[in-house]
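# Structure assessment
Chain residues, written in single-letter form:
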Amino acid sequence: MSSMKKSVQNINILMLILLLIITTPAVCSAGINGIEISAMEITPLPAEPGDDVTLKIRVTNNGVETIEDFSVKIDVEYPFYLKSESNNFENKRILNVGSSVDNIYYLTVDPNAISGTYPIEFDVYVNDVVLNPPDNNVYVQVIGRPDLIIKANAIDNVAPGDIFPLKISVDNVGTGMAKNVKVISESENILILGSNIELIDRIMPAETSEIEYDFIAKNDLDPDAHQFPIVLKYIDEQGTNYTLTYNIGINILNRAEIGIQSIKITPTQITPIDEVYIAGIIENTGNGDAKKVVLELENEDRSYKSFIGELKSDDDAPFYFYIDPGATGNKDLNITINYTDDFGSYELEQSIPIEVERPKTNMILVISLLIIIAIPVAYIVYKRRRGENAEQ
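Residues numbered from 1 in each chain as written. Predicted model: local features only at pLDDT ≥ 70, side-chain atom pairs only at ≥ 80, totals over all residues. Heavy atoms only, no water.

Strand-to-strand pairing in sheets goes through backbone hydrogen bonds, with the strands running parallel or antiparallel. The strand order across the open sheet built from 4 strands is β14-β12-β16-β17, with neighbouring strands paired in antiparallel fashion. Each edge of the open sheet is held by one strand with a lone partner, namely β14 (197-203) and β17 (241-252). Direction aside, the axes of adjacent strands within the sheet are offset by 20° on average. (Pairing = 2+ DSSP bridges. Helix = DSSP H or I, 4+ residues; strand = E, 2+ residues; numbered from the N terminus. Axes fitted to C-alpha atoms, helices over the stretch in contact; angles between N-to-C directions.)

Rendered as structure tokens:
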């Protein structure tokens, strides 16, 4: 019997211990679950990067038990910095059921903070143990300001009437989102092909949007360094309108356009024994002056040059070649034109077809007779001169 009583006593003691283990956390949990952290004031709201923010926090005990040895610590992380506070939540105190305690924090928002809703966490301590409620954060909205800049790829030298592509990068180096971004070309001399407005829905901070246009320089544009405006219009997250103008530089130069206007070959029927005379006119139909103009003609293994020099806009000049036609047959005489203008050096090629015919038979006979007659005549002249020299 005594052993049975001891077993019952042990069971009772074990049940009591289990009951204490189970009920003690329940009481603590019930007590801490009644803690409510709320923001009574956030000024300004929304905050902007660089602002000083006043944050009034209230901690209320909505639980069923008085909380002893109670304290709260603020956990400040980027983009906020704590400057000071009105009271010290970190001092331990008693928080009765239904009562509350306030504290005011003075914070600073980082000047480079981008738009977003940022949490500020509060740690609740009971008996030096962290027992945070389900939501121990206060949320502060920060709205930054966009700052758009334009970067354009380098533009090569352009002549009046030229079409050239231009890639534009729009960078948001600000802290807020830019919305309804309009990229507008407003130049009267450098015209955009198609619509002169490009729309970008939004550009986030640190984001880049690229667009590409095809532009054309007006035909009557004077050669010089020019700038043409690109306008940006957009709004920020609070509906504020922005208008910015960027000037893009371009160098307008005149381009020479060289070509052969006409060409004439003499004789019209060419044989290998002929000396061929080629005469032509070269012209500059471009807006720029051509310099160091040289024509070079190649026929078989021989080359011939004609130097022109400078050829101004809408000007022309003659050129001449005396050439040996070479062997019989159909062939192309290759003419190369070299010149420079404001854009650089150029080499143009053009071919002239000719036919070198065999000499006719009567012509060969005439030449042969002339050779036969010339030999004895030359011999007689030679003998006479030799005899005269002997008599002397």
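In spatial order, the strands read β21-β20-β23-β24; together these 4 strands make up an open sheet with antiparallel pairing. Strands at the two margins of the open sheet, each flanked by one partner only, are β21 (302-311) and β24 (344-356). Averaged over neighbouring strand pairs, the angle between their axes works out to 15° when direction is ignored. Bridge count for strand β23 (residues 329-341) against β24 is 13 bridges, and the pairing is antiparallel. Note on β24: the bridge partner recorded for aspartate 341 is glycine 344.

Our focus in this paragraph is the environment of isoleucine 192. By secondary structure assignment, the location of isoleucine 192 is in strand β13 (residues 190-192). Since its relative accessible area comes to 12%, isoleucine 192 is described here as buried. For isoleucine 192, the contacting residues outside a window of four places in its chain are Ser185, Tyr213, Asp214 and Phe215. (Buried < 20%, exposed > 50% of the residue type's maximum accessible area, 1.4 Å probe, protein only. Contact = heavy atoms within 4.5 Å.)

Another point: the pairing of strand β7 (residues 116-126). Taken together, the 6 bridges between strand β3 (residues 67-75) and β7 define a ladder with antiparallel strand orientation. Bridged to serine 71 within β7 is tyrosine 125. By the bridge criterion, 6 bridges tie β7 to strand β9 (residues 137-142) in an arrangement that is antiparallel. Looking across to β9, one finds that proline 119 is bridged to tyrosine 139.

For the rest of this paragraph, the subject is the side chain of asparagine 103. Here asparagine 103 shows up in strand β6 (residues 100-109). For asparagine 103, the side chain forms a polar contact with the side chain of serine 86, separated by 3.1 Å. (Polar contact = N/O pair within 3.5 Å; in protein donor to acceptor, adjacent residues only side chain to side chain.)

To continue, consider the environment of valine 181. Turning to its location among the elements, valine 181 is positioned in strand β12 (residues 178-185). With relative accessibility at 0%, the residue valine 181 sits in the buried group. Along the chain, valine 181 and glutamate 198 lie 17 residues apart, while their C-alpha atoms are 8.2 Å from each other. Among residues more than four places away in sequence, those in contact with valine 181 are Leu148, Glu198, Leu199, Ile200, Asp201, Ile203, Leu232, Lys233 and Tyr234.

Following the criterion strictly, the structure yields 9 salt bridges and no others. Across the pair arginine 145 and glutamate 48 runs a salt bridge whose closest N-O atoms are separated by 3.3 Å. Placement of arginine 145 in the loop between β9 and β10 (148-152) and of glutamate 48 in the loop between β1 (35-43) and β2 (52-61) is noted, with a sequence separation of 97 residues between them. Taking the relative accessible area as the measure of exposure, arginine 145 reaches 41% and is therefore partly exposed. Classification of glutamate 48 by relative accessible area gives partly exposed; the value is 22%. A single salt-bridge network, built from bridges that share partners, covers Glu48, Arg145 and Asp236. (Salt bridge = Lys/Arg side-chain N within 4 Å of Asp/Glu carboxyl O.)

Checked against the element boundaries, arginine 58 lands in strand β2. Under the relative-accessibility criterion, arginine 58 is labelled partly exposed at 26%. Distance in space between the C-alpha atoms of arginine 58 and isoleucine 104 is 8.9 Å, their sequence separation being 46 residues. Leave out the neighbours within four places in its chain, and arginine 58 touches Glu36, Ile37, Ser38, Met40, Ser100, Val101 and Asp102. Within the local environment of arginine 58, its side chain forms a polar contact with the side chain of aspartate 102, the two groups lying 2.8 Å apart.

Below, the discussion takes up unusual backbone geometry. Cis rather than trans, the peptide bond between threonine 43 and proline 44 has omega equal to -5°. Within the secondary structure, proline 44 sits in the loop between β1 and β2. Here the residue pair leucine 45 and proline 46 is connected by a cis peptide bond, since its omega of 0° sits within 30 degrees of zero. By the element assignment, proline 46 lies in the loop between β1 and β2. Backbone geometry at aspartate 314 places phi at a positive 60°, although glycine is not the residue there. By secondary structure assignment, the location of aspartate 314 is in the loop between β21 and β22 (316-323).

Remember, this is a structural readout, not a statement about activity or role.
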